[in-house]
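# A look at the structure
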Amino acid sequence: MDRTLTLLGIESSCDDTAAAVVRASEAGTAEILSSEVLGQTALHADFGGVVPEIAARAHAERLDGVVEAALERAGVTLDDIDGIAVTAGPGLIGGGLSGVMLARGLAAAKGLTLVPVNHLAGHALPPRLTDGTAFPYLMLLVSGGHCQFLLVEDVDRFRRLGGTIDGAPGEAFDKTAKLLGLLQPGGPAVEAEAAGGDPARFRFPRPLLDREGCDMSFSGLKTALLRARDALVKAQGGITLQDRRDLCAGFQAAVAEVLAVKTERALAMCEVRPTALCVAGGVAANKAIRAMLETVSARAGVPFLAPPLRLCTDNAAMIAWAGIEQLRAGAPPSPDFTARPRWPLDETAPALLGSGRKGAKA
Ligand code: KG4
Ligand code: ZN
């Protein structure tokens, strides 16, 4: 008989409080029975970034309710669950601890298996849930807090080929929006403006393109945009709507080109041909960036795969799925784990510098 595995996933390492129930059959098919995500954008809106103490308090207050909602929507109780997968890092420690404590309590009360999951592994594995993608595949994780290339070789084997040495692209999109008086989150707002702009009018820098490998940098781009805006204000007393569209188009073109060129290099760095180029994270929603990546993967003859956005941005279904994959792979129980602010997926890769809007990077 086909034995199913049903896991509750809990995620609270950034600024989304999330819980989900995922059921997988032995044959490999999986179903997301529920996926609840409670964001905190409004709580941090006045501060220009995520405030760790506010995030931690919100997670502590909301986790119970979000878990209850996920169980209810899935039509299950804790008695129907085989185990709990919980994000144990990397990320903001306050939220991580709340999630881990809750998971520990529930698991102890019900005698359930507990699986600590690395948040980045959570982001890296959904292509297997949605498309059964075989190892190894190349994952570009590009969000407000992360930007890195991971060669996903197995459930627990990731090679980081490169990543940002400072901020993440989503953070740069958000900063750009702020500088130009657009709404947060900045990505969609900047993309909408860019659609009516001329990407050639402002030529912004493409940092690190002259450097080998696939490390990236985005902080110089923010400064360049600030300078261009200030130069316009100085020359003409303000910026017109068309100026703003052109600035957005120029900025987006620079990010897209950097990601495309570095993706090409990352593909070339893979010793074994990857089965797919996958992308995850909020920035993966950007159509211009997606189009560039699709072109790169077509040129390399590698299929391009972008799981649905709800699985690309922070959610707990990806954590439950990673837990299922780890259990299936025979991960030994680790009852003594705790939340960790830093937890590199690839312990052999040199640490990345900088810490983004969402805390320390792995
Ligand atoms: O993955 P995500 O939901 O959260 C984390 O950062 O963990 O990503 C959010 C980021 C924000 O910085 C947002 O501005 C960016 O993704 N984003 C976009 C777009 N939609 C969201 N960036 C560029 N273009 C978009 N269409
Ligand atoms: Zn994330």
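Going by the structure above, here's the rest.
As a starting point, this report considers the structure included with it. Since the model is a prediction, treat every value here as computed from it, not as a measurement. (Residues numbered from 1 in each chain as written. Chains lettered and ligands numbered in written order. Predicted model: local features only at pLDDT ≥ 70, side-chain atom pairs only at ≥ 80, totals over all residues. Heavy atoms only, no water.)

### Considerations on the overall build of the chain
As a reminder, the rule being used: Helix numbering and strand numbering both begin at the N terminus, where a helix is a DSSP run of H or I of at least 4 residues and a strand a DSSP run of E of at least 2. Radius of gyration means the value over C-alpha atoms here, while the globule rule gives 2.2 Å times the residue count to the 0.38 power. Using a 1.4 Å probe on the protein chains alone, a residue whose accessible area is under 20% of its type maximum counts as buried, one over 50% counts as exposed, and one in between counts as partly exposed. Note on definitions: a residue-residue contact is assigned when non-hydrogen atoms from the two residues lie within 4.5 Å. Note on areas: these come from Shrake-Rupley sampling with a 1.4 Å probe, and a residue is covered only by the protein chains present in the view. Positive residues here are Lys and Arg, negative ones are Asp and Glu, while His and the chain termini are left out of the count. Taken as the charge centre is NZ of Lys, CZ of Arg, CG of Asp or CD of Glu, depending on the residue.
Counting its secondary structure elements, the chain contains 12 helices and 12 strands. Radius of gyration (C-alpha) of the chain: 21 Å, near the 21 Å computed for a compact globule of 362 residues. Judged by the C-alpha coordinates and their principal axes, the chain covers about 70 × 45 × 35 Å. Out of the 362 residues belonging to the chain, those deemed buried represent 56%. Considering only residue pairs separated by 6 or more positions, the chain has 73% of its internal contacts joining residues 24 or more positions apart. Accessible area for the chain stands at about 15000 Å²; split by element, carbon and sulfur atoms hold 54% of it. The centroid of the 36 positive side-chain charges in the chain is displaced by 6 Å from the centroid of its 41 negative side-chain charges.

### Here's the deal with the coordination of the zinc ion (ligand 2)
Keep this limit in mind: Excluding water, the donors of a metal are its N, O and S neighbours within 2.8 Å, or within 3.2 Å for Na, K and Ca, and that exclusion means sites may look incomplete.
His119 (NE2), His123 (NE2) and Asp314 (OD) make up the full set of protein donors to the zinc ion (ligand 2), lying at 2.1 to 2.2 Å. Coordination of the zinc ion (ligand 2) draws on donor residues from a single chain, spaced H-x3-H-x190-D in sequence. Highlighted residues: His123 in helix α4 (residues 119–124) and Asp314 in the loop between α11 (309–312) and α12 (317–328), separated in sequence by 191 residues. For His123, a relative accessible area of 1% translates into the label buried. Given the relative accessible area of 12%, Asp314 is considered buried.

### So, helix α7 (residues 186–194)
Within α7, 7 of the 9 residues are buried, which leaves the element mostly enclosed by the surrounding structure. Within α7 the residues assigned to the buried category are Gly186, Gly187, Ala189, Val190, Glu191, Glu193 and Ala194. Close packing links the buried residues of α7 with α6 (169–179), α9 (241–269) and α10 (287–300).

### Some points on the sheet that holds strand β9 (residues 277–280)
Where we set the bar: A pair of strands counts as paired when DSSP detects no fewer than two bridges linking them.
On the basis of which strands lie adjacent, the open sheet formed by 5 strands has the order β8-β7-β6-β9-β10 and mixed pairing. Only two strands of the sheet have a single partner each, and these edge strands are β8 (157–163) and β10 (304–305). Two strands pair when backbone bridges link them, and strand β6 (residues 137–142) and β9 are joined in this way by 4 bridges, in the parallel orientation. Bridge pairing links Met139 to Cys278 in β9.

### Here's the deal with the pattern of salt bridges
This is how it is decided: By convention in these notes, a salt bridge is any Lys or Arg side-chain nitrogen within 4 Å of a carboxyl oxygen on Asp or Glu.
Tallying each qualifying case throughout the model produces 11 salt bridges. A salt bridge links Arg159 to Glu153; the shortest N-O distance between them is 3.3 Å. Residue classification places Glu153 among the partly exposed positions, given a relative accessible area of 21%. Of the charged contacts, one joins Glu257 and Arg206 as a salt bridge, the two residues approaching to 2.9 Å between their closest N and O atoms. Here Arg206 lies in the loop between α7 and α8 (219–236) and Glu257 lies in helix α9, a separation of 51 residues in the sequence. Among the residues examined, Glu257 registers a relative accessible area of 25% and is labelled partly exposed. On the accessibility criterion, Arg206 (15% relative accessible area) is buried. Shared partners join several salt bridges into a network, and the residues in it are Glu153, Arg157 and Arg159.

### Section: the site of ligand 1
Formally: Throughout, near means a residue has at least one heavy atom within 4 Å of the molecule or strand. The term polar contact refers here to a pair of N or O atoms within 3.5 Å; inside protein, the definition further demands a hydrogen-donor-capable atom paired with an acceptor-capable atom, and it admits residues adjacent in sequence only when both atoms are side-chain atoms. Note on residue categories: nonpolar means Ala, Val, Leu, Ile, Met, Phe, Trp, Tyr, Cys or Pro, charged means Asp, Glu, Lys or Arg, and polar means any other residue, Gly included.
By nearness alone, 21 residues border ligand 1, and Gly144, Asp174, Gly187, Glu191 and Gly282 come closest of all. Interatomic distance of 2.7 Å between a side-chain N/O atom of Glu191 and a nitrogen atom of ligand 1. The contact in question runs from a nitrogen atom of ligand 1 to an N or O atom on the side chain of Asn286, over 3.0 Å. Protein chains bury 90% of the 550 Å² of accessible surface belonging to ligand 1 in isolation. Elements supplying a minimum of two residues to the shell around ligand 1: α6 and α7. Considering only residue class, the shell around ligand 1 consists of 5 nonpolar, 10 polar and 6 charged.

### Focus on the sheet that holds strand β3 (residues 30–39)
Quick note on the threshold: To get an axis, a line is fitted to the C-alpha atoms, and for a helix only the part in contact is used. The angle between two axes follows their N-to-C directions and goes from 0 to 180 degrees.
Here we have 5 strands laid out as an open sheet, ordered β3-β2-β1-β4-β5, and mixed in their pairing. Two strands close off the open sheet at either side, each with one partner strand: β3 and β5 (113–118). In this sheet, neighbouring strand axes are inclined to one another by 20 degrees on average, regardless of whether the strands run parallel or antiparallel. Across 9 bridges, the pairing between strand β2 (residues 16–24) and β3 is antiparallel. Bridge pairing links Ala18 to Val37 in β3. Sheet strands in contact with helix α2 (residues 52–74) are β1 (5–11), β2 and β3, and its direction is about 30 degrees off that of β2. Each of β1, β2, β3, β4 (83–89) and β5 is contacted by α12, which is oriented at about 130 degrees to β1, the strand it contacts most.

### A closer look at the pairing of β1
Counting buried residues along β1, 7 of its 7 residues qualify, which places the element largely inside the surrounding structure. Burial along β1 is two-sided: the residues Leu5, Leu7, Gly9 and Glu11 and Thr6, Leu8 and Ile10 are all buried. Pairing of β1 with β2, which is carried by 7 bridges, proceeds in the antiparallel orientation. When the bridges of β2 are listed, Gly9 appears paired with Ala20. Here β1 folds back onto β2, and the loop between the two strands holds 4 residues.

### Concerning the environment of Val272
Of note, Val272 is situated in the loop between α9 and β9. With relative accessibility at 52%, the residue Val272 sits in the exposed group. Considered as a pair, Val272 and Arg201 are 71 residues apart in the sequence and their alpha carbons are 40 Å apart.

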